[in-house]
Amino acid sequence: MIRCMEQLFDYVNQHSEEYIQRLREAVALDSVSADPCKRSRCVDMAHYICEWIERLEGKALVKHIGKQKFADGQVLDYPPVIFGDFCVDPHRPVVLAYCHYDVQPADIQDGWKFNPFELTEEQGKLYGRGATDDKGPLLDWLWAIEAHRQLGIPLPVNLVLCFEGMEESGSFGLDKVIEEESKGLLSRVKYVCITDNYWLTEHRPCLTYGLRGIVFFQVHIRGPQMDLHSGLFGGLIHEPLNDLIHLLHTLTDSQGNILIPKVMDSVAPVTKEEESIYERILFDTEQLRKEAGQVSQLRESDKVKVLMNRWRFPSLSFHGIQGAFSGQGEKTVIPCAVTGKFSIRLVPHQQPQEIAHHVEQFLKQQFDQFHSGNELQVEWRGASPWLGDYHNSNFTAARLAFKKVYQVEPDLTREGGSIPITNTFQEYLGGEICLIPLGSPDDGAHSQNEKMNKHNYIEGIKVIIAYMDELAKQISYQY
Ligand code: BES
Ligand code: ZN
């Protein structure tokens, strides 16, 4: 077994150039799930992965999830969910690996140093949209399988890959697919491994046992039939954008604290034990300030408070206003309809339904007081928070894998971000879920100049190889 591991690691060391070249191809397929113009690129990316799975002699299963209607009236197929079946032994449990192949939008004009869809290597960093979120980690799974195949070493576990193409747009349709396949391809899944998050500090790996949930709101305000000249109508009508700004203003104070009644009531109280866990974690708030590119102070500088605000308290962020003039220069227009977009990150024991109800009620109450006669409509979509158990054998395997590759004990962390499908896995498949982050905290997911360190990308393959090997040992203790 030890010899196999050495061979596999050597093989990985010898192929780094090929690994980078293929990540370049994957990044060039600009699979932005939110953009209808890029939908065909998502489909291309799905084909790219399926062909690869088949080259590795896995069974590729493509699950179509219906059609999406966009705001501009276009109707297009959703990007499919792809499964790669690499099961070898029907008497043993199955390990499910989850990643997503869609990415966030990116445009060089947003301030990128390089073309976001042309992978660029500079000082050990691989820049490109999706490099870390989540194409690099997704490719790591395929490379780990490829190394086994090339060396003629059988995979130590039954592996099923689950790669979706709508994660960045709320994982639409995946729930249904998981529910259906829980009686089929996924019926023997006992372990789930999600590789779609980041280390807490640059130099020490971690394992993640918690995620915040999210409710995303779109607040529509409609007034006149068409846009109007502010010289002709300014001061005469109730402007939708005026309503919206005042409405959004009621949600938080100037420091960003949430003011919506009842929203904070269901947050689980902090325990003494929790406080001491947070105190022991290695984390540098000054480094965080640099990652954020903040010139001024953070809202908090105390380590425990910073981590708690990220992981175990809710937060409200404003994302944008659709319909308002946002071009260069001046335009003296009164927009006839505007949509405010914001989201609230949820924590145990908040549920999307309940929080959305409080927010909707509050927005309506406030809006009624404006007596503007405009029309208000609130839409929302949500995902629950998730908290796992880090004492199980899945975590043990992942911990030992990190120790083998990095010779250190990984920290145990939670995340401020959301991976909506985690709870669905828990609900329909049961078993043990573990998050193995491969990216670095300064990777800039969703941001300009997203990158993955070459080191993280290559060592990530070894982490996955070691994880499968350790998990096989854990399984053989039990069967
Ligand atoms: N990779 C992230 C999840 C993540 C973000 C983990 C930050 C850890 C820290 C994932 O691709 C993502 O961005 N998810 C969205 C989900 C949303 C669209 C429902 C998120 O968290 O904003
Ligand atoms: Zn992601």
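See the structure shown above.
What comes next concerns the included structure. Keep in mind it's a predicted model, so treat the numbers as computed, not measured.

### A word on the sheet that holds strand β11 (residues 213-222)
Taken in spatial order, the 4 strands line up as β13-β15-β11-β16 in an open sheet, and their pairing is antiparallel. The sheet terminates laterally at β13 (315-322) and β16 (375-383), the two strands that pair on one side only. Across the sheet, the mean angle from the axis of one strand to that of its neighbour is 15 degrees, orientation sign disregarded. By the bridge criterion, 9 bridges tie β11 to β16 in an arrangement that is antiparallel.

### Here we look at the pairing of strand β10 (residues 206-211)
Counting buried residues in β10 gives 6 out of 6 residues, a clear majority hidden from the surface. Two elements, β10 and strand β18 (residues 411-415), share 5 bridges in a ladder whose sense is parallel. Residue G210 lies in a different strand from β18, and its bridge partner there is R414. Pairing of β10 with strand β17 (residues 386-387) involves 2 bridges; the strand directions are antiparallel. Residue pairing for β17: G210 is matched across the bridge by L387.

### Points about the site of ligand 1
Among the 15 residues in the neighbourhood of ligand 1, the closest are listed as E167, D196, R345, S418 and H446. Side-chain polar atom of D196 to a nitrogen atom of ligand 1: 2.7 Å apart, as the coordinates give it. At 2.7 Å from an oxygen atom of ligand 1 is found a side-chain nitrogen or oxygen belonging to H446. Considering ligand 1 on its own, with 510 Å² of exposed area, one finds that the protein chains cover 85% of that surface. Across the shell around ligand 1, the residue classes tally to 4 nonpolar, 5 polar and 6 charged.

### A closer look at a nonpolar patch on the surface
A surface patch of nonpolar side chains, amounting to about 330 Å² of accessible area, comprises L232, F233 and L236. With respect to the helices and strands, F233 occurs in helix α6 (residues 230-233). Judged by its relative accessible area of 34%, F233 is partly exposed.

### What to know about the coordination of the zinc ion (ligand 2)
Protein coordination at the zinc ion (ligand 2) comes from H100 (NE2), D133 (OD), D196 (OD) and D196 (OD), with a distance range of 1.8 to 2.8 Å. Coordination at the zinc ion (ligand 2) comes from 6 donor atoms whose angles at the metal span 51 to 164 degrees, giving a geometry best classed as irregular. Considered as a linear motif, the donors of the zinc ion (ligand 2) on their single chain read H-x32-D-x62-D. Taken together, the residues span a long stretch of sequence, with H100 in strand β5 (residues 94-100) and D196 in the loop between β9 (189-194) and β10 at a distance of 96 residues. Here H100 falls in the buried class, since its relative accessible area comes to 0%. By relative accessible area, D196 is classed as buried at 6%.

### Describing the environment of D442
Along the chain, D442 turns up in the loop between β19 (432-435) and β20 (451-453). On the accessibility criterion, D442 (25% relative accessible area) is partly exposed. Between the C-alpha atom of D442 and that of L288, which follows or precedes it by 154 residues, the distance is 8.5 Å. In contact with D442, not counting residues within four places along its chain, are E202, E291 and K451. Within the structure, D442 has its side chain in polar contact with the side chain of K451 (distance 2.8 Å).

### Some points on the packing of helix α8 (residues 272-280) against helix α10 (residues 303-311)
With their axes 9 Å apart at the nearest point, α8 and α10 run at an angle of 110 degrees to one another. The angle between α8 and α10 falls in the class roughly perpendicular. Two secondary-structure elements touch here, α8 through E275, Y278, E279 and R280 and α10 through K303, V304, L307, M308 and W311. Residues belonging to the contact of α8 with α10 are distributed by class as follows: 5 nonpolar, no polar and 4 charged.

### With respect to the side chain of E459
Along the chain, E459 falls in helix α14 (residues 454-478). Excluding residues within four positions of it along the chain, E459 makes contact with V405 and Y406.

### Focus: the pattern of salt bridges
Enumeration according to the criterion identifies 29 salt bridges in this entry. Of the charged contacts in the structure, one is a salt bridge between D77 and K67, with a shortest N-O distance of 2.7 Å. Separated by 10 residues along the polypeptide, D77 in strand β3 (residues 75-77) and K67 in strand β2 (residues 67-69) bring together distant segments of the chain. With relative accessibility at 56%, the residue K67 sits in the exposed group. Salt-bridge contacts for K473 lead to E470; the nearest nitrogen and oxygen are separated by 3.4 Å. With K473 and E470 both in helix α14 and 3 residues apart, the pair spans about one turn of that helix. Here the salt bridges share partners, and the residues they tie into one network are D30, K38, R41 and D44.

Cut-offs applied
- Residues numbered from 1 in each chain as written.
- Chains lettered and ligands numbered in written order.
- Predicted model: local features only at pLDDT ≥ 70, side-chain atom pairs only at ≥ 80, totals over all residues.
- Heavy atoms only, no water.
- Pairing = 2+ DSSP bridges.
- Helix = DSSP H or I, 4+ residues; strand = E, 2+ residues; numbered from the N terminus.
- Axes fitted to C-alpha atoms, helices over the stretch in contact; angles between N-to-C directions.
- Buried < 20%, exposed > 50% of the residue type's maximum accessible area, 1.4 Å probe, protein only.
- Near = heavy atom within 4 Å.
- Polar contact = N/O pair within 3.5 Å; in protein donor to acceptor, adjacent residues only side chain to side chain.
- Areas by Shrake-Rupley, 256 points an atom, 1.4 Å probe, with all protein chains shown as cover.
- Nonpolar A, V, L, I, M, F, W, Y, C, P; charged D, E, K, R; others polar.
- Patch = residues over 30% accessible without salt bridge, like charges linked within 9 Å, V, L, I, M, F, W, Y side chains within 5 Å.
- Salt bridge = Lys/Arg side-chain N within 4 Å of Asp/Glu carboxyl O.
- Donors = N, O, S within 2.8 Å, 3.2 Å for Na, K, Ca; no water.
- Tetrahedral: all angles 85-135°; square planar, octahedral: opposite > 155°, others 65-115°.
- Contact = heavy atoms within 4.5 Å.
- Parallel < 35°, antiparallel > 145°, perpendicular 65-115°, else oblique.

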